[in-house]
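Notes for the structure review
What follows is the residue order along each chain.
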Amino acid sequence: MDELGEVSTTTLEKLGLARKPVYTVKATAPVLTGFDLMAQHHLSGVAVVNEDGAVVCSLSAADVRFMVAIDKFSLVSMDAISFVATCRQMDHSRISSTMAPLVAVQPASPMRHVIGKLAATRVHRLFVVEARALVGVVSLKDILRKLLAKELAEADGDTEME
């Protein structure tokens, strides 16, 4: 991480990566509601939240691909939380990275911490939580875009980051 220089200690908040709208589906909602959100908004995943709005897990395109691969389309009759639990219980290749407790970060988390969590958990996105409220989501793609923008700005002689 030393290659990142000062960016590694810069917080998600300062980098402008901490707060953005998060698409959610209630845990008790039909899983098709989550699929619909993903399709409408071209998303690879949505947060599954409980009745209090707290994130309990993520419904992702990987879950959909798994369902298709095992030809278990009957799973679409489930609610979101049951679908995710069933897919991940059946998918032994992903158990180590998906059955762990939900991984979240805070707006004040330094980039080094965020990248470390992404690498350690082998997930594509982390939810950003502040005072137990969901305030954003940050993905590996978001981080790469920010780092690339910084590199391009420095190459042009502009050292300001958004």
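The present account deals with the structure reproduced in this document.

1. Side note on unusual backbone geometry
- Within the chain, His42 stands out as a residue other than glycine whose phi angle is a positive 55 degrees.
- With respect to the helices and strands, His42 occurs in the loop between helix H2 (31-40) and strand E2 (45-49).
- According to the relative accessible area criterion, His42 is exposed, its value standing at 75%.

2. Observations concerning the side chain of Asp142
- Within the secondary structure, Asp142 is located in helix H7 (residues 140-155).
- The buried category is assigned to Asp142, whose relative accessible area is 13%.
- Separated by 2.8 Å, the side chains of Asp142 and Lys20 make a polar contact.
- Excluding its chain neighbours within four sequence positions, the residues that come into contact with Asp142 are Leu17, Lys20 and Val137.

3. Looking at the nonpolar core
- In terms of nonpolar packing, the biggest core is built from 18 residues, with Val25, Phe35, Val46, Val48, Leu59 and Phe83 touching the most fellow members.
- Elements with a minimum of two residues in this core: H2, E2, strand E3 (55-60), helix H3 (61-69) and helix H4 (80-90).
- Residues within four places of Phe35 in sequence aside, it is in contact with Leu59, Val64, Met67, Val76 and Phe83.
- Of all hydrophobic cores here, the second largest spans 15 residues; its members include Val103, Leu118, Val138 and Leu147.

4. So, the pairing of strand E6 (residues 133-139)
- Across six bridges, strand E5 (residues 125-130) lies against E6 in antiparallel orientation. Residue pairing across strands places Val129 opposite Leu134, the latter belonging to E6.

5. What about the sheet that holds E6?
- With mixed pairing, the three strands of this open sheet are ordered in space as E4-E5-E6. Looking at the sheet topology across the chains shown, the edges are occupied by strand E4 (104-105) and E6.

6. Some details on the environment of Arg132
- Along the chain, Arg132 falls in the loop between E5 and E6.
- Looking at Arg132, the relative accessible area reads 79%, which means it is exposed.

Rules behind the numbers
- Residues numbered from 1 in each chain as written.
- Predicted model: local features only at pLDDT ≥ 70, side-chain atom pairs only at ≥ 80, totals over all residues.
- Heavy atoms only, no water.
- Helix = DSSP H or I, 4+ residues; strand = E, 2+ residues; numbered from the N terminus.
- Buried < 20%, exposed > 50% of the residue type's maximum accessible area, 1.4 Å probe, protein only.
- Polar contact = N/O pair within 3.5 Å; in protein donor to acceptor, adjacent residues only side chain to side chain.
- Contact = heavy atoms within 4.5 Å.
- Core = buried A, V, L, I, M, F, W, Y, C linked by side-chain atoms within 4.5 Å.
- Pairing = 2+ DSSP bridges.

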